[in-house]
Each structure stands twice: as structure tokens, then as C-alpha cells.
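Here is how the chains run, residue by residue.
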Amino acid sequence: MRFLKSRIADSSRALLGPLEITVMELLWEHGESSVHDVVPKLARPLAYTTVMTTLDRLYKKGLLDRRKSERAFVYAPRLSRREWEHKRTGDFVAGFLAAPQTSGEMLVSCLVEAVGQQDEALLDELEKKIRMKRKELCRRGKP
Amino acid sequence: MTLPYPLRLLCLCLATFFLVHLVLGLGTWLLSPAAVRMARRLRPGTAARLLLSLRLFPLAGSVFLVAGLCVPSYLWLEPRASAEEVGFTCLAAALMAGAIWAISIARALGAATRSLRYIRRSQRLGRAVQLPGELSPVWVMEGAPVSLVLAGILRPRVFISRAVVDALSAEQLAAALRHERAHRISRDNLKRLLLLLAPDLFPFSRRFATIERAWARFAEWAADDGAVAGDSLRSLSLAAALVRVARLGPAPQPSPLVACLVDAGADLSARVERLLRCVPPGEESARTLPVMAAGGMVAVAASAVAVMMHPVTLHTAHRLFEQLMH
């Protein structure tokens, strides 16, 4: 199970690095942007060339379109965030199902466990609300 | 196809049933989204009754028309001696009616058998215990999967696994048992059987699933309201019992004719949120609505019977049925 989880994390990391994800997030939020537009919007200061290389890498991975405006490139996301998430999940699942049989079984088992964990989280949340309501009633009950 | 007098009557009744049921059913199906929206504004008990009436309306209307118009007009006006030809449309409609009835009867019988089997197995596993505050004994099952259910149609009984008894506090157990008692009082298992018996528009179609799901939800909410009776502490106890039982693990429903405290896949979150809002008890005036509706329906049915028994109506109906037959 742990292997499967690390594989999920690895595959998304292999596809996009942290800086690439940050840049993609900015482009999804602000739309078409040049390197000049992206650099000041980053949370940590980065060199112009670093951002330029990152955008170029994203373009080569097929995630961005670009056009020349004056002397610089302007980049725009090729897929919406939702389309990209969908593609990424689809690629990941297809990769697992194409692998030996045990991987497919492991994927299903991991999904079931994840659903179970979500159920547990929901039950925890409901129990918390019940406790709070009980406290509120007790407070109101006191003179 | 040439058929003798009694078979022609059977064929005509089935064909009439199918066609009338199709028309009424289509109307009900088209109305169902609006009815569900309207039900959301009503008290759960009233909403459940409204949706149940709507779901059973095509069946009741068709049976009423066949028994009140088709059979009397045929028996009174059709000559007995001859064997007559029955047309393809009439035969096809009769076969469709036979198919939808066969499917719904098989579905209901299957569910009733599974329910009976569950009751027998649970009685073998458990023993009847008189719990404090309970009028009738509760069957506590040792070593059974997690369950707290009301099983049985005519004499519903509560079956509870030892794991649930041990997991719930006294207040939570009392609230859960009051919930099942509310189901018993409103005869929800019998209503489930009626829903299974009510045919769909076509064989293997599920046009009324929306109404049936909404009915099930409102029936649960009504039982919750009946169990807490507007008492905030009881509300909290029932909400806590629901969460505690859900935590014990998924409890598959042994039969569609069994009411489970926590149904797998049901809207547990919505039920708990409702209970935390401490829904006040319904006002007495709201009870007059179903009484008025029932009175209105009886009046309409009586007027319809009076019209249907009139010779002119029977003659007209007979002419129409002759056209359908040939």
C-alpha cells in the first residue's frame, strides 16, 4: 500500500515539479502571461532565467502554448486545471492497469482504503458537531 | 387470435390495465421532480405519504378503472355464446401487462423470501430480550454482523446485534429503538412491499426510482422525528447512535423489506445535521392535511363509481373496449 502511495506521489512529481506546479497555478489564475508577468507574482524571489527555463520546460511538456509578442514569449495554458487533473488521473490509472495484475488490485484496494478514510473523517466531523451541540445545550440548560 | 369469453375478459382487463397504467404512469413520472421539490417543503411524514400516494396512483387508478368499468361493462354487455377474434394491439398490451406484473410480483416475492429467511436466521442466532422502556421484546443476536433493523411485514420485530448493544449508551440505544418503533407504527415495511408490488411502466424499466428514493429518505426522516419527538437531548442521542453504528462498519441491507437504522449509502450526514438542528415537533394543524386529502380522494372515488355505474357510461366504455379488442 505504501508502495502505491509513493508511486502516486512519484508519478505526479515526475510529471511536474513544485515550481512548475506553482507556475501552472499562476497561469490558470491569471491567464496568458510572459516571464515578466510571472516573476513578480511568485511567493519567493527567483531569477528571471529560472522562470524562463521553467516556462520553456512546461511548453516542451505540452502543457503550455506560446506566441511571440514583441521580443518575448507569452505563455498560456493548453489545458484547463480540470482537464489537466483529468488527464493526469487517467494516465496514472491507465499506467497501473497496464502493469502486472497485482498493481491493478493494489490500486483498487488503495482506493477502497481512501474512501474508508474519507468516511472516517466524515464520522469524526459529525461526532465533533454532536459534542459541540451537547456542550451548547448544557450551557443553555445551566441557570 | 380467437379466444373464448373468459379469456377475452382476461385479455381485455390486462390490455386496459397496461394502457391506463402507461398514461397515468407517464403523468406521474413527469410530475415526480415537482412532487419531490414540493415534498421538501412539507413535514417528512406528510412528504412520505404524498410520495407514496403518487407512486401508487398509476396502479390504484388502473385497477380502479379496470374493476369499475372494464369488468362490469364486459359482463353486462358482451354476448356470452360466441368466441371472438382478439386484435394484435390488445394481445400485445395484455402481454406487456402480464410482463410488468410478473416482474413486480417476482421482485416482491424475492424480497419477502429474503426477509423471512433473515428473520429465521436471526431468531436462531439470538434471543428475545425485554429492554427497559420497550413494549415488545427485541431480538439480540450474538456473533451476528453489525445490524439494528426492523424486519417483518405484518408483525415487524427489531433485531439488534450484540456489537451494537455494547457500542451504544443506554440513551443512544433507547433513541435507536424509538426510531425503529416509529418505522413499525407507520408500517414502513408494508409500504416497501407495496412499492415493490407496484409495477413500472415497462418491463425492466425504473421510471419511478426518483420517487421511491425520495420516499425512503423522507420515511427515514419521519422515523427520526417520531423517535425524538422534538426533544433536543433525544435528538443528540439519536444522532450519536447513528454515527456510532456507522462507525462499526457497513451493514448491508438483508432485504428491501427490512428497515436498517443506518443504511449503507444513505444520507447519514444529512440525517445527523437535521437532528442537530433539533427539528421541532410538527404542529397539530399539519395533521389535517392528510385527513383532508383522504376525504377528497374518497369523495372523488365515490363520484367516479356513481358515474361509472351509469348505463350510458357502461355502453360507451363497452364500445371503446370493443375497439381496443379488435
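The structure presented is a predicted model; accordingly, all values stated were derived computationally and were not measured.

**Student:** Mind laying out the sheet that holds strand E1 (residues 33–34) of chain A, listing which residues take part and the relevant values?
**Tutor:** Residues and elements named next belong to chain A. Here three strands make up an open sheet; going across it, the order is E1-E3-E2 and the pairing antiparallel. A strand with exactly one partner marks an edge of an open sheet, and here the two such strands are E1 and strand E2 (64–69). Each of E1 and strand E3 (72–77) is contacted by helix H2 (residues 18–30), which is oriented at about 80 degrees to E3, the strand it contacts most. Sheet strands touched by helix H4 (residues 48–60): E2 and E3. Its angle to E2, the strand with the most contacts, is close to 120 degrees.

**Student:** Which residues make up the confidence of the model for chain B, and what values go with them?
**Tutor:** Residues and elements named next belong to chain B. Averaged over all residues, the pLDDT of chain B is 86; the fraction at 70 or higher stands at 94%. Across chain B, the element-wise mean pLDDT spans from 75 in helix H10 (residues 288–308) up to 94 in helix H6 (residues 188–197). Two numbers describe this predicted complex: its pTM, 0.71, and its ipTM, 0.71.

**Student:** Quick rundown of the pairing of E2(A)? Include the residues and the values.
**Tutor:** The sheet contact formed by E2(A) and E3(A) spans six bridges and is antiparallel. Paired with Ser69(A) across the strands is Ala72(A), a residue of E3(A).

**Student:** How would you sum up the packing of helix H5 (residues 170–185) of chain B against helix H8 (residues 232–247) of chain B? Please name residues and give values.
**Tutor:** Residues and elements named next belong to chain B. Direction vectors running N to C along H5 and H8 enclose 90 degrees, while the axes themselves pass 8 Å from each other. As far as their axial angle goes, H8 and H5 are roughly perpendicular. Of the residues in H8, those touching H5 at Glu 171, Gln 172, Ala 175, Ala 176 and His 179 are Arg 234, Ser 237, Leu 238, Ala 240, Ala 241 and Arg 244. Residue composition of the contact of H5 with H8, by class: five nonpolar, three polar and three charged.

Rules and cut-offs
- Residues numbered from 1 in each chain as written.
- Chains lettered and ligands numbered in written order.
- Predicted model: local features only at pLDDT ≥ 70, side-chain atom pairs only at ≥ 80, totals over all residues.
- Pairing = 2+ DSSP bridges.
- Helix = DSSP H or I, 4+ residues; strand = E, 2+ residues; numbered from the N terminus.
- Contact = placed C-beta atoms within 7 Å.
- Axes fitted to C-alpha atoms, helices over the stretch in contact; angles between N-to-C directions.
- pLDDT = per-residue confidence, 0-100.
- Parallel < 35°, antiparallel > 145°, perpendicular 65-115°, else oblique.
- Nonpolar A, V, L, I, M, F, W, Y, C, P; charged D, E, K, R; others polar.

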